Each structure stands twice: as structure tokens, then as C-alpha cells.
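# Architecture and fold: a report
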Amino acid sequence: MKGIITWALVVSALSLPTLAQAALPAETQVYSAGFIDAAGPVAAAQFEHFQTIISLMLIVVVPIFILVPWVLWRYRRGGRGAYRPDWDFNWGNEAVLWGVPIVLIIILSSALWAHTHKYDPYRPLGNDPLDIEVVSLDWKFLFIYPQQGIATLDYLALEQDRPIRLKLTSGTVMQSFMIPQLAGQIYTMAGMTTQLNLLADQEGEYLGRNTQYNGDGFATQSFRTAVMPKSQFDNWVIHTQKNTQTLDLATYEALLKPSIEHVPRYYGTVDAGLFNRVLARFTAGHAHADSTPAEVSQIREHHHPQNNPKGAEQ
Amino acid sequence: MSWETIFGQLGWDSLVFTGAIKHPSASEFVAFGAGSIVVLGAVAVVVLLTVMRWWGPLWRDWLTSVDHKKIGIMYIVIALVMFLRALIEAGVMRSQQLAAYDSAGYLSADHFGQLFTTHGTIMIFFVAMPFITGLMNYVMPLQIGARDVSFPLLNAISLMLTAAGAGLIMVSLVVGEFSTGGWSGYPPFTGIEFSPGEGVDYWIWSVTLASIGSTLTGLNFAVTLYKKRCPGMDMFRMPLFCWTTLCTSILMIFAMAPLTVATIMLALDRYAGFHFFTNGDGGNMMNFANLFWLFGHPEVYILLLPALGVWSEVVSTFVGKRIYGYTSLVYATMCIAVLSFGVWLHHFFTMGQSANVNAIFGIATMIIGIPTGVKVYDWILTMFRGRIRITTPMLFHINFLLTFVLGGMTGILLANPTVDFQVHNSLFLIAHFHNMIIPGVLFGMFAAVQYWFPKAFGFRLHEGWGKAAFWSLAPGFLLAFFPLYWLGMNGAPRRTVMWADPAFYPWLALAMLGAVLLLVGTVFLLVQIGVSIRQRRQLAVPLGDPWDGRSLEWSIPSPPPAWNFAVVPQVDGRDAFTEAKKNGQAYRSPAAYSDIEMPCNSMVAPLIGIFTFTLSFALVWHIWWLVVVSFIVVWGVVIARSFVAQTNEIIPASRIEAEHEAFLAAARATPGVTRDLEMSPQNRGKAAPDRLGQPGQKRPDDVLESAI
């Protein structure tokens, strides 16, 4: 349905010849898609809830689209409707006017309550989750697999049908992490962790991204999420573990420098506890435990070198 | 003395024109063009004022005036000028997104960031706010039978603070850059560490000036509504626009303060090395999010409620019928106002709080849907058993009823945390709030201008051009924003300077087409004003009642005299003027006239405006001597004012009597026109009663209409 409408519009309404060519997707490109094309139970339930609300809301919306044209026609100046300029109240109407929305909101509220708890991003989705630690940076995401001892940059491999438990923080400004086809978004904030539980039941590649504006590289801050069966995932882990690159504090500090990344990176080994050290950098009293003040100010100056330096006062 | 002592961080490179010369690019040329428009516009205004010798009248009759009517008009002029800028910015952003399919487009990412920030900041603080404030200023005192607001000078100061903020944001087009942090300015991105330039400072000070101005306005209007109602005007006899003004004023008093606090705290972070909202050292940006939305959510109702008041006035006037469910509408308005303080957290369901917290705020949000829904049905029932005239304001009203409920539906969707997790920060959200603000608030203000313009200027606006504007604005809105719902549901985030998904292209193209229609409709509105000024003789309605109005403002001449009411009216029910016309009480000479005491003009407000502008400009550029001087002058002016003994002037009864009796004589001598001739040159502003017989009886006109 979505595709048909889209292409009908592309071809008929716009008829831009170059567009048809441009629109042919490169084979490896992953495009944005929303919860309409859910690839996991959480996103599917979110879309289902979306549809439920719309159908309930039609109870109050549809009458308006019927009543307004009818009233306009019947009571237009010169129309057949009787003119009662002093009629301004009726208890029966009043009961319906307040009663129907109240009942409707009670129904919607109970659905909201249940759904909000059932699909709370913090709620585990099953036993033996795959743990992944996410650090949002300018303008890329770092994924650490503590159980596997590997890490990636801008590439998220997930095991199909296995609950995923993400623990997120930010090494920079606040961002919002989201893979629309799998689950909703959650903010990432420096010095704090948030959680997101999700499950992917369809093999495939999905686009994930930051949705909270964070500067010049925001528009392209996205990553490929690959959902693969267990065997393939295990192979991928072994393959990645063979990678000679190490993610340690020095590598991390280099990554703190804002950059737009086009190619994912893979780290075969990760310093244990790196995620906690990222967190600890912002904790009051323990701040920058492993950097001298001079180093810290250096890091800070590196943050946004593209900005106009004339206002830069530390 | 060094350059920095005198000019702070201001340098030749700060000028937007230098950038275009040094690093020529499309993006810089756009900035160059925008800066040039501001400079040329300012020069053109100065030349015009000089050539026409208007400086004196401008200063005497307008800038130093404390008349609520003139202040109201000046607010709306600011709103319209700023609207043009922010609308053009929206068009530029739309065209950038259209050009930026799988490429960089023509704007730099940084420039795009400034555009969406200024667009949002201007539309909220310098279009919607001055528009509603100007309207409330103009209409509310007239509707309650008052001669002015409670604190006329304070009113002028509020205006000048808003003007100073608007001036600052205009200057940022020429000197320096603006923030890229969005209208909500979330730290730590807007902190000194990540946004070291002057941009965020421009945002902080322009928003701070506007918010202080609005706080003062809220206090002023609330007191006016409590204390200045004419005899007999009980609270429950006030026109609904006054009720919505009261609720909005109360919201302003309580809601603007958290914003002022938040921006000042952010300023302390940036200027004085505090750590309220920084990443480390104990700062916490979540506090900013809470403070900002503690303002931000009531703010949307600050904007919406006056517009809902306008809709109530428009519908009952053009239907020629009492508003249905007055009491219901009042309680619904109060419910919305109170509830609006309990829902702010729905702007960040995604910040990681517990499901209980999210669910409670989600439900609170949905509850607001109840009174809002009641209002929509009340307006439909007002039209029911009425006699509907499809005038331009009514077209906007009907469009509002139909599109607003769709926006309400998407609002209920967004109130559900599970759905919000998906569409938060997406174009779906953009579509939702534009769906509420454009047909609800903006078109409400346009309808209000069509409706009250003849009151303010003594001639009607050209109906044909008004309808033309409607027929491009209404479809323009649908085309510009409904595609964004779809894009948001398909994972398109807001604020992207470029994108790569071919499926988005047709929808963005439709949105561009919508933006063009919105621009065209706005041009039609400007043409309408121009044409109406040229045809002002045919359109003149000096007798003050072109629409067979129902409330007190229609009982006085158009434009009204400085003192509004020659004799303070006495009312004994709702729809006071309709009742007076029905009972033959309208246009009667009062028993006696007496002297009227009116506030004198004062240069205090413009001086405060000028020096708060220099104060904030100096703060932005760290020109410390100017900060000190401006601060001293502002408070010096305030102190000096307290020594002025003569703040009121007496208008003699004889002058009032002469003017008012002349008006009454003309009104009595002129035959009223029926609603059939409402848009014809015969309409001089005296209405013929459009009602025969009593309700419940079969009346001659009913029979007549059935025959037709």
C-alpha cells in the first residue's frame, strides 16, 4: 500500500525523469522505515496500539465530519433550518457532550496504562538477553558487546529472536537512540544510563539513528542494524573477535572528536569496564579520574572545532 | 583602549556580509541575502519616515502612547513582520530538503540549524505571542466596557520588551550567528562547551526579553479583568474571548517564570561557569527539560485559548445566535488551563522515567482532550438552529473545526508513551503541532483580523481577497503538513538538513507545494489590506457595527475614541449589545456626560525598550561597558518615572459630548442594513435586526425562507 502510493506519486504527480533513476536503491543501502514495517514484537505492538487509538478516536471524530457539513447546509442563511437565536442550552446534549468523551478517555486511559507498562523500554523481554552497551558520540554510535568482548562503531549486529538488552549513555550531548522497526527511542545522556529492551524476529537490515539534533553531522548519524540467526551471529562474533583493533580509553578519546563516519569499524578486543569509565568521567567528585585537568581541557577543545573560535571561552 | 574593550567580541568577521565574501557558497549567499533584506528594509523605513515627515507622528501618536488599542495594533504589526520572516525561513528549509535528496542541498548544516531555530523561536515568541497579546490588548478592554487596562504604562513596557527581543533576533541576521539548538534550546548542546559562539546568547536574551514582557502582560490583563469590568458585567456575563484572555493571563503569570529561570540559569552556565545543565560537575540537563516544558506546555494553551475565544465570538456573530453552552465553554476553558500545568512530562517520555510516571502524565494529557472535544461540539451546536453566513472568518472557523479534530486525534496518539517512543522527534510530531497551531492559532488570528479590523480602522477588509487567501491557506496547510505525518510514521526524524530515502521525495515535494500555497495565501492577505486601504471609502463602517455584533465593542464608533466609552456602559446580561439593539436601548443619549481622566503619553516605555535592546546586544557580544550603561539607564528611567507627578490628563465632558452626540445622531439617522447587504457598500456599520418573532413560533421569515 505504502509502496503503491509512493510510486504512483513519484510517477504521476512529479514526473521528474531523473528521479526514477535516482530512486533505484543501491543494493546495500538501508533506508528509513517506521513501525509500520515492524520487524519485531515491540514495534509491531506499538503500531497495533497506534491503530487501536485511531479506531477508538473515530467515535468522536467521524460525527464531526458528518455534523459540520449537515449543519452548514441546513442552517445556512436562506436554508430550511428554523432559526432559534436564543436557544443555547440543553441538558441532554450536555450529558452526551461530556459523557461520551469521558467514557472514551477512560477506555483509552486503561489501554494506555496497560500498554505503557507492558512495553516499558526497561522491561526485560525474556531470559538470557544479549547485553549491548551503547555510547552515543558526535556523530556516531559505539556499540560494546561485553559478553563477547568486542565492539563496533555504527554497526549493530543482533541475534534473531533473542531478547536484546541495551544499556545506553552518551559521551557528549544528549541524543536519542532509535531503531524504528524494532522498538521506540530512548535518550542517551552523559553520566547517566538508560535502558532499552527489544527483540527482532525478522532477519534483515534496518536503519537505526539518532533523532535528537546534535549539530552538523546529525542528519547522517545513522547505523545499520543487522538481524541474523544465531549461527550467523556467532560466526560474526568470532570473525569480529579476530579483528586486531582494540577499543581502549585512548581509542575512545580519539572517537570523542566529532566526525561523520561512513564506514563501520570493528574492534576485536575491548578494555573491560570501558562503559563505566565513560560514565564516571561525568560523575561529580570523581570526574575525569584518569585524566589530568590539562588533558580534559584538551578533550573539550576538541569537541567542536568547527565552531567559531572567537566566542570560545572555557 | 583596545578593540575588545570597546567592541567586545564584535569584529568585522561578525558581519554576515564578510562571510559571503571570504567563503563564497550558496549557503553564505542566502545569509547575505537575508542580511541585506534586513538592512535595506530598515533603510527603507527610515527613508519613508523622513520623506513623509512621519517621525513626529510615529513618536507622539504611537511609540509613546499608552492606549491599549494602539499598543494592540503595534503588537500585531510586530507579529506580521516577524511572521513574514519566519514563513520565508520555512520555505527556505522546505526547498533545502527538496534539494537535499542524497546530496548536501544548498544550505550548510550549520545554517539549516540556525534556520529551524529562528523559525521556531520567532513563530512562538515573536509571532504567536505578540499576535494574541495584541488582540487581547485591543479587544478585551472594549468587551468589558473599560477605558484602558489596569496598568497602561506597564502595558507599553511589555510591548517594548517584546519589540526589543524581536529587534535582537532581527539583528542576528546581520551581525553574527544564531543558535542551532532549536526553539527549546536543550543543553548541554547549547552549553558553552558545545556551542561556544554568540548564537545561543542571542537566543537566550531575545527569549528572556519576550518572556519578561509576557509575564507583565499576564499580570496586567488578569488584574484588568478582575477590576475593570463595567457595572453589571459579572464574570459569567463576560464574552467568551474575555474568559479565554483571563485563563491565558493566569497561565502567563505562572508559566513564563520557569522559562525566564531556565534561560537565566543557562546564561549563568555560559557566562559565569556555573554547572546547572552541563554534562559533568554536577550539572543535569534533565532539570532544563523540566523547567522548559513546565513553561512550554502551558505555552501552547497560552496561544490556543485566545484563539478559541476568537472562534466563540466569530461563530456566534456570523450565525446570529447566542453561543451554545456558555457555562460549559467557560468550565472547559478553565479545565484546559488548569490541566495544562500537569502534563509537561509528555514532552520527554523518552528520558527514561518509570512506566508509572509516563502513564500518569499520558493519561493527564488525554484528559485535556475531554474539554477540548466539548468545545468543538459546542461550536457545532452554536451553528445548529442558527443562520450561518459563510464569511471569511467563518471559512477559517469551519476549516478549524475539521482540521483541529484531526490534530487532536494525533495529539491523543502522542499522549500514549508507547506511540510517542516511535514518533517523538519525528516529522509526525512536527505535523501534529503545526496541525494545532496553524488552523487553530494562526488562522484564528487571521479570522480575528478579518473580524475586528473594521473596529480598529473604520473600514472592512475586502471580502474577495480574504476568501482568496483562505482558499490558498487552507489547502496549503493540508499539503504542507499531512505528508509529514506519513513521513514521521516511516521513520523520518525532524531537523535533518539532508536525507537519502527515495520514498520520501514525493511527500517532501507535496509539502513544498503546500509551503508555496501558504506563502501565496499570505501574499493575498497583504494584497487584501492594500486593496482595502484603497477602497476604504466603499468599505467604511464608521458607525461601528458591521457584523451585527453582540458584545460592547460594537456599540461604539469605528475607530473608537481614545477613551473607548463616552459613558461607562451598564450591562445586565450576556450579549449586551444584542440585547440593547433588541430592546431599542442602542444608540440612546446618556443622561449626562462627565470629564474623563486618561493616562498621558510617556517616553518611559520606548526608552526602556531601546536600552534593554542595547543591554542584551551588549551581553551577546560581551561589551561590558555598554551592559553597565544600559542597565543603569533602564533603571534610571524607571526611577525618574516615579518622580513624574502628572501622569493623567483630563478630557473635558464638553468635548466628549460633542463627539459622542455626533456619532449617535449619525447612527440614528442611518438606516440599518440587513445581513444580506453585509458585504455591500450600503453597510456603514449600522445593523438592522435580523430576527422576527419569538423562538418557538412559526415566524414570517421562516415561512419566507421555506418558500425560497
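Residues numbered from 1 in each chain as written. Chains lettered and ligands numbered in written order. Predicted model: local features only at pLDDT ≥ 70, side-chain atom pairs only at ≥ 80, totals over all residues.

## Thoughts on the overall build of chain A
Put simply, the test is: In this text, helices come from DSSP runs of H or I with a minimum length of four residues, and strands from runs of E with a minimum of two, each type numbered from the N-terminal end. Whether a residue is buried, exposed or partly exposed follows from its count of other C-beta atoms within 10 Å of its own C-beta, namely 20 or more, 12 or fewer, or something in between, respectively; the C-beta atoms are built from the backbone. Remark: residues whose backbone-derived C-beta atoms lie within 7 Å of one another are considered to be in contact.
When helices and strands are tallied, chain A shows 8 helices and 13 strands. Out of the 314 residues in chain A, the part that is buried amounts to 38%. Considering only contacts within chain A whose residues lie at least 6 apart along the sequence, 70% involve residues at least 24 apart.

## Here we look at the overall build of chain B
Helix and strand counts for chain B come out as 22 helices and 2 strands. In terms of overall dimensions, chain B has C-alpha extents of about 75 × 60 × 45 Å along its principal axes. In chain B, which comprises 708 residues, the proportion classed as buried is 61%. Expressed as a percentage of contacts within chain B between residues at least 6 apart in sequence, the contacts between residues at least 24 apart total 82%.

## Examining the environment of Val-207 of chain B
Residue and element names in this part refer to chain B. Following the sequence through the fold, Val-207 ends up in helix H8 (residues 199-227). A tally of 25 C-beta atoms within 10 Å means that Val-207 is categorised as buried. The contacts of Val-207, once residues within four sequence positions are left out, are Thr-121, Phe-125 and Thr-263.

## Overview of the domain arrangement of chain A
Quoted interface sizes are often the accessible area lost when the parts come together. Residue and element names in this part refer to chain A. Stated precisely, the cut-off is as follows: Domain boundaries shown here were taken from an automatic or database domain assignment.
Split by domain assignment, chain A resolves into domain 1 (37-118) and domain 2 (130-306). With centres defined by C-alpha atoms, the gap from domain 1 to domain 2 works out at 43 Å. Every contact between the two is made by 8 residues of domain 1 and, on the other side, 13 residues of domain 2.

## Observations regarding the interface of chain B and chain A
Rules: Under the grouping applied here, Gly and all other residues not named as nonpolar or charged are polar, the nonpolar ones being Ala, Val, Leu, Ile, Met, Phe, Trp, Tyr, Cys and Pro and the charged ones Asp, Glu, Lys and Arg.
Facing the 93 residues of chain B at the interface are 94 residues of chain A. Looking at the side of chain B that touches chain A, the element that brings in the most residues is helix H12 (residues 355-383) of chain B, giving 16 residues. Each residue belonging to the side of chain B that touches chain A can be placed in one class, and the counts come to 50 nonpolar, 27 polar and 16 charged.

## Quick notes on the pairing of strand S8 (residues 194-198) of chain A
Residue and element names in this part refer to chain A. Rule in force here: Only strands that DSSP links by at least two bridges are regarded as paired with each other.
Burial runs high along S8: 4 of the 5 residues are buried. As paired elements, strand S5 (residues 164-170) and S8 share 5 bridges and run antiparallel to each other. Note that in S8 the partner of Lys-167 across the bridge is Gln-195.

## A few points about the sheet that holds strand S4 (residues 155-159) of chain A
All names here are of chain A. Heads up, the rule is: Axis definition: a line fitted to C-alpha atoms, over the contacting stretch in the case of helices. Angles run 0 to 180 degrees between N-to-C directions.
Strand order in this open sheet of 5 strands is S4-S10-S9-S6-S7, and the pairing throughout is mixed. Since the sheet does not close on itself, it has two edges, and those belong to S4 and strand S7 (183-188), each with one partner. Each adjacent strand pair in this sheet contributes to an overall mean axis angle of 20 degrees, direction not counted. Packed onto the sheet, helix H5 (residues 230-241) meets S4 and strand S10 (222-228) and runs at close to 140 degrees relative to S4.

## So, the sheet that holds S5 of chain A
All names here are of chain A. Ordered by their spatial adjacency, 6 strands build an open sheet running S8-S5-S1-S2-S3-S12, and the pairing between neighbours is mixed. Only two strands of the sheet have a single neighbouring strand rather than two, namely S8 and strand S12 (265-267). Between one strand axis and the next, the sheet turns through 20 degrees on average, direction left out of account.

## Considerations on the nonpolar core
Grouped burial of nonpolar side chains is what soluble globular proteins tend to show. Residues and elements named next belong to chain B. Rules: When buried Ala, Val, Leu, Ile, Met, Phe, Trp, Tyr and Cys residues are joined through C-beta atoms within 7 Å, the set is termed a nonpolar core.
Phe-126, Val-127, Ala-128 and Met-445 are the most contacted members of the largest nonpolar core, which totals 290 residues. When residues in this core are grouped by element, the largest group, 21 residues, is from helix H10 (residues 285-319). Setting aside chain neighbours within four positions, we find Met-445 in contact with Phe-131, Ile-132, Leu-135 and Ala-307.

## A closer look at the domain arrangement of chain B
All names here are of chain B. In terms of domain boundaries, chain B breaks down into domain 1 (54-540) and domain 2 (603-646). Centre-to-centre separation of domain 1 and domain 2, based on C-alpha positions: 29 Å. Listed by partner, the interface residues are 18 residues for domain 1 and 13 residues for domain 2. Of all the elements in the fold, those that place two or more residues in the side of domain 1 that touches domain 2 are helix H7 (152-171) and H8. For the side of domain 1 that touches domain 2, a count of residues per class yields 14 nonpolar, 2 polar and 2 charged.

## Topic: helix H19 (residues 604-621) of chain B
Working note: α-helix, 3.6 residues per turn, so residues spaced by three or four point in the same direction. Residue and element names in this part refer to chain B. Condition: Here the expected length of a helix is defined as 1.5 Å per residue gap, with one fewer gap than residues.
Along its 18 residues, H19 runs 26 Å from first to last C-alpha, staying within 8% of the 26 Å computed at 1.5 Å per residue. Most of H19 sits out of view: 16 of its 18 residues are buried. His-622 lies just past H19 and shows a positive phi near 60 degrees.

## Points about the environment of Ser-109 of chain A
The residue Ser-109 of chain A is located in helix H4 (residues 91-118) in this model. With residues near it in sequence (within four places) discarded, Ser-109 of chain A still touches Ile-363 and Met-366 of chain B.

## Remarks on the packing of H10 of chain B against helix H15 (residues 427-457) of chain B
In a pair of packed helices, the angle between the axes and the distance between the axes together describe the arrangement. Residue and element names in this part refer to chain B. Definition in use: Roughly parallel here means an angle under 35 degrees, roughly antiparallel means over 145, roughly perpendicular means 65 to 115, and every remaining angle is called oblique. Throughout, a crossing is termed right-handed when the near helix is turned clockwise from the far one, and left-handed when it is turned anticlockwise from it by less than a right angle.
Between H10 and H15, the least distance of the axes is 9 Å, while the angle of their chain directions is 50 degrees. Viewed along their axes, H10 and H15 adopt a mutual orientation that is oblique. Seen along the crossing, H10 lies across H15 with a hand that is left-handed. In contact with Leu-303, Leu-304, Ala-307, Val-310, Trp-311 and Val-314 of H10, H15 contributes Met-436, Ile-437, Gly-440, Val-441, Gly-444, Met-445, Ala-447, Ala-448 and Tyr-451. Classifying every residue of the contact of H10 with H15 by side-chain character gives 13 nonpolar, 2 polar and no charged.

## Considerations on the confidence of the model for chain A
Residue and element names in this part refer to chain A. Heads up, the rule is: As a per-residue measure, pLDDT reflects the predictor's confidence and takes values from 0 up to 100.
Averaged over chain A, the pLDDT score is 86; the fraction of residues at 70 or greater is 81%. Taken as a whole, residues 9-27 scores under 50 in pLDDT and shows 18 contacts with residues more than four places along the chain or in a different chain. Confidence over residues 286-314 falls short of pLDDT 50; this stretch has 37 contacts with residues more than four positions distant or in other chains.

## A closer look at unusual backbone geometry
In this structure, the amide linkage connecting Pro-187 of chain B to the following residue, Pro-188 of chain B, adopts the cis form with an omega of 0 degrees. Going from Ser-558 of chain B to Pro-559 of chain B, the amide bond is cis rather than trans, its omega being -15 degrees. In this fold, Pro-559 of chain B is placed in the loop between helix H17 (505-534) and helix H18 (576-582). The phi angle at Asp-128 of chain A is positive, at roughly 50 degrees, despite the residue not being glycine. A residue is classified by how many C-beta atoms lie within 10 Å of it, and Asp-128 of chain A, with 7 of them, is exposed.

## A short note on the pairing of S4 of chain A
All names here are of chain A. Burial runs high along S4: 4 of the 5 residues are buried. Judged from the 5 bridges that link them, S4 and S10 form a sheet pairing that is parallel. When the sheet's bridge partners are listed, Leu-156 is paired in S10 with Thr-225.

## Let's talk about the packing of H8 of chain B against H19 of chain B
Residues and elements named next belong to chain B. Their axes nearest at 9 Å, the elements H8 and H19 cross at an angle of 155 degrees. Relative to H19, H8 is oriented roughly antiparallel. For the element pair H8 and H19, the recorded crossing hand is right-handed. The residues of H19 that touch H8, namely those facing Asp-201, Tyr-202, Trp-205 and Leu-209, are Thr-612, Ser-616, Leu-619 and Val-620. Split into classes, the residues belonging to the contact of H8 with H19 amount to 5 nonpolar, 2 polar and 1 charged.

## Here's the deal with helix H3 (residues 26-51) of chain B
Residue and element names in this part refer to chain B. For H3, which comprises 26 residues, the first-to-last C-alpha distance of 36 Å matches the rise-based estimate of 38 Å (1.5 Å per residue) to within 8%. Of the residues making up H3, those classed as buried are Ser-27, Glu-28, Ala-31, Ala-34 and Gly-35. Residues of H3 that are buried in the fold lie against helix H2 (16-22) and helix H6 (109-143). Phi for Arg-53, located one or two positions after H3, is positive at around 55 degrees.

## Notes on the confidence of the model for chain B
All names here are of chain B. Taken over all residues, the pLDDT of chain B has a mean of 94, while the share at 70 or more is 97%. Below pLDDT 50 for its whole length, residues 693-708 participates in 13 contacts with residues either more than four positions away or in separate chains. For this predicted complex, the interface confidence score (ipTM) comes to 0.91, while the overall pTM stands at 0.92.

## Re the environment of Arg-494 of chain B
Residues and elements named next belong to chain B. Within the fold, Arg-494 resides in the loop between helix H16 (463-489) and H17. Using a count of 20 C-beta atoms within 10 Å as the deciding quantity, one classes Arg-494 as buried. The spatial distance from the C-alpha of Arg-494 to the C-alpha of Phe-428 is 8.5 Å, given a sequence separation of 66 residues.

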